[in-house]
Amino acid sequence: MLGLKRGAVQLCQHETAWELEAQKTISRLHGILGIAAKDIQHVGSTSIIGIKAKPIIDIAVAVDDFHDVLVLEQELKENGFYYRPSRLKGQLLFACGSYYDGSGNLQTHFVHVVLKDSMEWINYINFRDYLNQRPAVAKEYETLKLSLANTVPRNDGREKYTEGKRDFIARTLRKALAYSYLGKKVEIKIDRPMGSSHPVYKDTIYQVNYGYIPDVLGGDDKELDVYLLGVEEPVTEYLVHIIAVIHRYDDVEDKLVAAPLGMNFVCAEIADAVAFVEQYYDSEIEMFIEEEQR
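Since this is a predicted model, take the numbers as computed values, not measurements.

Novice: If you had to explain the overall build of the chain to someone new, which residues and values would you point to?
Specialist: Check the secondary structure of the chain and you find seven helices and 13 strands. Based on the C-alpha atoms only, the size of the chain along its principal axes is roughly 70 × 40 × 40 Å. The 294 residues of the chain split such that 47% are buried. Considering only residue pairs separated by 6 or more positions, the chain has 62% of its internal contacts joining residues 24 or more positions apart.

Here it is, written out as structure tokens:
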């Protein structure tokens, strides 16, 4: 099955045909957008293996400039992709379905155009990959969706259905973002060097360097925070690899743990090093384990 009436909420068993349809649509979009499209990916619930979903295909398109797509609006329309002003920040929205050409009331595809390397792009990819790598979380998402689908109006419940998923999606995106950096090499900035005081709680002295990844927003809508272990003097920036994630269960953000390239720490060492702050939170450390060690 493909497509739903506008505003309708109906979940269907996962179909392999959704992925085939997504790949056909991606090929069509590449043909229309050419070099304007830096990447095109199948996202959304139909891209998450094995869970029930609304039978509407979501596609994310990464571009350098929205203008590069808007100048092709007429060609997109001629190929069945109709521009819709979007309430979602930082993206353009195009839709497919007979509703848009006046012959019916069916939505089959949504195409989300976002800027390359933006948080919007990162979130679309991370959410899909995180749920596909964690079947238990995907099943939790499916259970929530089924519960919501049973409580909202079937033919006009889309807004309430979407609102009901908001907290789960926000929480999952936060964890997926942190998880996506495990094992990666990144340049971090240090804004609270070793020996400095917490900006609010002056009695808390930073026992390690503490900073952030520039331009990457965490769960608190501020840049994603990083503890730097293994550097025994204050620094202002550092090239590191991410060795662990600290998942906080009673906060809106998670923390990364980094070390200089080639240096590693075990979980107990990390817990001891960050206890000066993490003692105030209910948290759990997830370590990076290289493939050959799994």
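Novice: Summarise the packing of helix α4 (residues 119-133) against helix α5 (residues 135-149); cite the residues concerned and give the values.
Specialist: In contact at an axis separation of 5 Å, α4 and α5 are set at 110° when each is read in the N-to-C sense. Put simply, α4 runs roughly perpendicular to α5. Here F127, Y130, L131, N132 and Q133 of α4 come into contact with α5, specifically with P135, V137, A138 and Y141. A per-class count over the contact of α4 with α5 returns seven nonpolar, two polar and no charged.

Novice: So what about the packing of aromatic side chains? Which residues, and what values?
Specialist: The final tally for this structure, using the stated rule, is eight aromatic pairs. Centroid distance Y206 to F276: 5.5 Å. Interplanar angle 80°. Geometry classified as edge-to-face. Highlighted residues: Y206 in the loop between β8 (185-192) and β9 (209-217) and F276 in helix α7 (residues 267-278), separated in sequence by 70 residues. Grouping residues by exposure puts Y206 and F276 together as buried. Here the aromatic cluster, defined as three or more aromatic residues joined through ring pairs, consists of Y206, Y210, Y227 and F276. The ring centre of Y181 lies 5.4 Å from the NZ or CZ of K184, which sits over that ring.

Novice: Give a description of the pattern of salt bridges that names residues and reports values.
Specialist: Under the criterion given, the structure shown has 14 salt bridges. Here D129 ties to R128 by a salt bridge, and the two come within 2.9 Å at their closest N and O atoms. Within this structure, K38, D64 and K116 form a network of salt bridges that share partners.

Novice: Account for the layout of surface pockets, with residues named and values stated.
Specialist: If you add up the space inside the largest pocket, you get close to 2000 Å³. Around the largest pocket, the lining is made up of 47 residues, and of these L88, Y124, T162, R166 and I169 lie nearest the centre. Those elements giving two or more residues to the lining of the largest pocket turn out to be β5 (91-96), β7 (109-115), α4, α5 and α6 (158-180). If you tally residues by element for the lining of the largest pocket, the top one is α6, at 12 residues.

Novice: Break down unusual backbone geometry for me, citing the residues and quoting the values.
Specialist: For D117, which is not a glycine, the phi torsion comes out positive at approximately 70°. Structurally, the position occupied by D117 is in the loop between β7 and α4. Given a relative accessible area of 60%, D117 falls into the exposed group. With phi around 65°, D221 is a residue other than glycine that occupies positive phi space. Along the chain, D221 turns up in the loop between β9 and β10 (223-228).

Novice: Kindly report on empty space enclosed by the protein, identifying the contributing residues and their values.
Specialist: Gaps left between atoms show up when a probe the size of a water molecule is rolled over them. Enumeration over the complete set of coordinates arrives at one cavity of 30 Å³ or more. The volume enclosed by the largest cavity comes to roughly 40 Å³. Lining the largest cavity we find L29, L33, V61, V69, L76, F81, F94, V111 and V113. Those elements that provide at least two residues to the lining of the largest cavity are α1 (16-33) and β7. Residues belonging to the lining of the largest cavity are distributed by class as follows: nine nonpolar, no polar and no charged.

Novice: Go over the nonpolar core with me, naming the residues and quoting the values.
Specialist: Counting 33 residues, the largest nonpolar core has L131, Y181, I188, I213, L228, I242 and L256 as the members making the most contacts within it. Sorting the residues of this core by element identifies α4, α5, α6, β8, β9, β10, β11 (237-248) and β12 (255-260) as the ones contributing at least two each. Of all the elements, α6 adds the most residues to this core, at six residues. Listed in part, the 23 residues of the second largest apolar core include W18, A22, L33 and V61.

Novice: Please provide a residue-by-residue account of α1, values included.
Specialist: Helix length check: α1, at 18 residues, gives a terminal C-alpha distance of 26 Å against a target of 26 Å (1.5 Å per residue), a fit within 8%. Taken together, the buried positions of α1 are W18, A22, T25, I26, L29, I32 and L33. Around the axis of α1, the buried residues are gathered within 125° of arc, so they sit on the same side. Facing away from the buried side of α1, by more than 90 degrees, are the exposed residues T16, L20, K24 and G31. If you follow the buried residues of α1, they end up packed against β2 (39-43), β3 (57-63), α2 (67-70), α3 (73-78) and β7.

Calculation notes
Residues numbered from 1 in each chain as written. Predicted model: local features only at pLDDT ≥ 70, side-chain atom pairs only at ≥ 80, totals over all residues. Heavy atoms only, no water. Helix = DSSP H or I, 4+ residues; strand = E, 2+ residues; numbered from the N terminus. Buried < 20%, exposed > 50% of the residue type's maximum accessible area, 1.4 Å probe, protein only. Contact = heavy atoms within 4.5 Å. Axes fitted to C-alpha atoms, helices over the stretch in contact; angles between N-to-C directions. Parallel < 35°, antiparallel > 145°, perpendicular 65-115°, else oblique. Nonpolar A, V, L, I, M, F, W, Y, C, P; charged D, E, K, R; others polar. Phe/Tyr/Trp six-rings, centres within 6.5 Å; stacked < 30°, edge-to-face > 60°. Lys NZ or Arg CZ within 6 Å of the ring centre and 35° of its normal. Salt bridge = Lys/Arg side-chain N within 4 Å of Asp/Glu carboxyl O. 1 Å grid on protein atoms, 1.4 Å probe; cavity = no way out; pocket = protein on both sides within 12 Å on 5 of 7 lines; lining within 4 Å. Points joined across faces, edges and corners; volume = space filled by probe spheres on them. Core = buried A, V, L, I, M, F, W, Y, C linked by side-chain atoms within 4.5 Å. Expected span 1.5 Å × (residues − 1). Arc of directions from axis to C-beta.

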